[in-house]
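Given next are the chains, with one letter for each unit.
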Amino acid sequence: MTKQTQAHLSLLFTNIFFAINLSAVKYLTGNDLVRPYGLNVIRVGVSALLFWFIFLFKPVNGSIRRKDIPAFLLCALTGVAINQMLFVKGLSLTYSMHAVLLMLTTPILITFGAAWVLKEKLTATKYIGLILGISGAMVLILNSHSSGKGDNILLGDILIIINAVSYTIYFILVKPLMNKYNPVQVIRWVFTFGFFMVLPFGWNEFAAIQWNEFGFTKYSLLFLVVVTGTFLAYLFNAFGIKVLGAAMAGAYIYTQPFFAAAIAMIFLKEDLPLYKIIAAILIFGGVYIANKQNTNA
């Protein structure tokens, strides 16, 4: 099997892992087995340990330059602390399909964020893409309502959007670090710093977990969230980006809603009403149009 084929499979499984992660997180938090911030302590902490475990077997210049520490801290804040905490909290309140569709607005936000930072010219095509993407997000938000379980769908959607904005900032900040260091090394330090940022917010919820209520199925779901949905997903994605580039890795994100919808409909019994289909078409169209100009430029 060639390295390119391995990279394509890595990116495919990355998005399958993320899709499974959505339903697994929703189940664990929705059944009060673990609260959102407590779950973040587990997934970020265990992932950081696993990244350091890899370093023990394959050390790659483990240290970082002192002058780059502020940049790593900002990446940890935006890419782990704010991003991960708001994502899990938002997902616990909203539908998994809302979450994955709203996360698809991230490429649009990255396009406009990069244009603002790098002073690139924004074309009419990009503005049309932005309008379509925002329209799709508004369709989801305007159709948000609280479910019978007491979830706050509107608040959940808003937290997911803020999470997407935070990830956009992280994406812009982390690119220079990826050029200086090995991608796995960057992720390892980002997760390490990020763990100490999420710990104060999630410690009480982590300490309150009733582990005696966990059986084989629930531990399996926790494994999916922590190992496959976080550690392996980030690791596989880094490998895919390194071999095939960020553009190809970004293209694979469009497979995630299909996997997420199928899993959520089967295991969480989520429905697929017309407004979700309309929102998906608007967001997909917006992302495609906003980024089409970039690929042709």
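Now for a description of the structure that goes with this document. (Residues numbered from 1 in each chain as written. Predicted model: local features only at pLDDT ≥ 70, side-chain atom pairs only at ≥ 80, totals over all residues. Heavy atoms only, no water.)

### Structural notes on the overall build of the protein
For the record, the criterion: To qualify as a helix, a DSSP run of H or I must reach at least 4 residues; to qualify as a strand, a run of E must reach at least 2; elements of each kind are numbered from the N terminus. Only protein chains enter the accessibility calculation, which uses a 1.4 Å probe; a residue is then buried when its area is under 20% of its type maximum, exposed when over 50%, and partly exposed in between. Contact definition: two residues touch when any of their heavy atoms are within 4.5 Å.
If you tally the helices and strands in the protein, you get twelve helices and zero strands. Ordered by position from the N terminus, the helices and strands of the protein form the series α-α-α-α-α-α-α-α-α-α-α-α. Going through the 297 residues of the protein one by one, you find that 47% of them count as buried. Within the protein, residue pairs in contact and separated by at least 24 positions form 88% of the contacts whose partners lie at least 6 positions apart.

### A word on the packing of aromatic side chains
Two aromatic rings, taken as a pair, are described by how far apart their centres are and by the angle between their planes. As a reminder, the rule being used: The aromatic pairing rule takes the rings of Phe, Tyr and Trp, using the six-membered ring of Trp, and pairs them if the centres are within 6.5 Å, calling planes under 30 degrees apart stacked, those over 60 edge-to-face and the rest tilted.
According to the stated counting rule, one finds 16 aromatic pairs in the structure shown. Between Phe17 and Phe236, the aromatic rings sit 5.9 Å apart at their centres with planes inclined by 40°, giving tilted as the arrangement. Taken as a pair, Phe17 in helix H1 (residues 3-30) and Phe236 in helix H9 (residues 216-244) lie far apart in primary sequence, 219 residues in all. For Phe236, a relative accessible area of 25% corresponds to the partly exposed category. Pairing Phe72 with Tyr181 gives two aromatic rings, centres 5.5 Å apart and planes at 65°, and the pair type is edge-to-face.

### Considerations on helix H4 (residues 96-103)
The buried count for H4 comes to eight of eight residues, which makes it a mostly enclosed element. Turning to H4, its buried residues are Ser96, Met97, His98, Ala99, Val100, Leu101, Leu102 and Met103.

### A look at the packing of H1 against H9
Threshold: A fitted line through C-alpha atoms represents every axis, and for helices the fit uses only the stretch in contact; the resulting angles, taken between N-to-C directions, go from 0 to 180 degrees. An angle counts as roughly parallel when it lies under 35 degrees, as roughly antiparallel when it exceeds 145, as roughly perpendicular when it falls between 65 and 115, and as oblique in every other case. Helix crossings are classified by the rotation of the near helix relative to the far one: an anticlockwise turn of less than a right angle makes the crossing left-handed, while a clockwise turn makes it right-handed. Just so you know the grouping, Ala, Val, Leu, Ile, Met, Phe, Trp, Tyr, Cys and Pro go in nonpolar, Asp, Glu, Lys and Arg go in charged, and all remaining residues, Gly too, go in polar.
Taken N-terminus to C-terminus, the directions of H1 and H9 make an angle of 150°; their axes are 7 Å apart at the nearest point. Judged by the angle between their axes, H1 and H9 are roughly antiparallel. Relative to H9, the crossing made by H1 is left-handed. Split into classes, the residues belonging to the contact of H1 with H9 amount to 20 nonpolar, ten polar and two charged.

### As for the nonpolar core
In a soluble, globular protein the nonpolar side chains are often hidden away together inside. So the rule is basically this: The set of buried Ala, Val, Leu, Ile, Met, Phe, Trp, Tyr and Cys residues whose side-chain atoms join them within 4.5 Å is what this entry labels a nonpolar core.
Formed by 32 residues in total, the largest nonpolar core has its most connected members in Leu22, Leu28, Leu39, Phe87 and Leu222. Among the secondary structure elements, those contributing two or more residues to this core are H1, helix H2 (36-57), helix H3 (69-93), H4, helix H7 (153-180), H9, helix H11 (256-267) and helix H12 (274-296). Non-local contacts of Leu22, meaning those with residues more than four positions away in its chain, are made with Phe87, Leu91, Ser96, Ala99, Val100, Gln256 and Ala260. In this structure, Ala76, Met85, Phe193 and Val198 belong to the second largest nonpolar core, which totals 26 residues.

### So, the pattern of salt bridges
The line we're drawing: Salt bridges are defined as contacts in which a side-chain nitrogen from Lys or Arg sits within 4 Å of a carboxyl oxygen from Asp or Glu.
For the structure on display, the rule yields two salt bridges. Here Arg65 ties to Asp68 by a salt bridge, and the two come within 3.8 Å at their closest N and O atoms. Relative accessible area serves as the criterion here: at 44%, Arg65 is assigned to the partly exposed category. What makes Asp68 buried here is its relative accessible area of 5%. With a shortest N-O distance of 3.1 Å, Lys180 and Asp68 are connected by a salt bridge.

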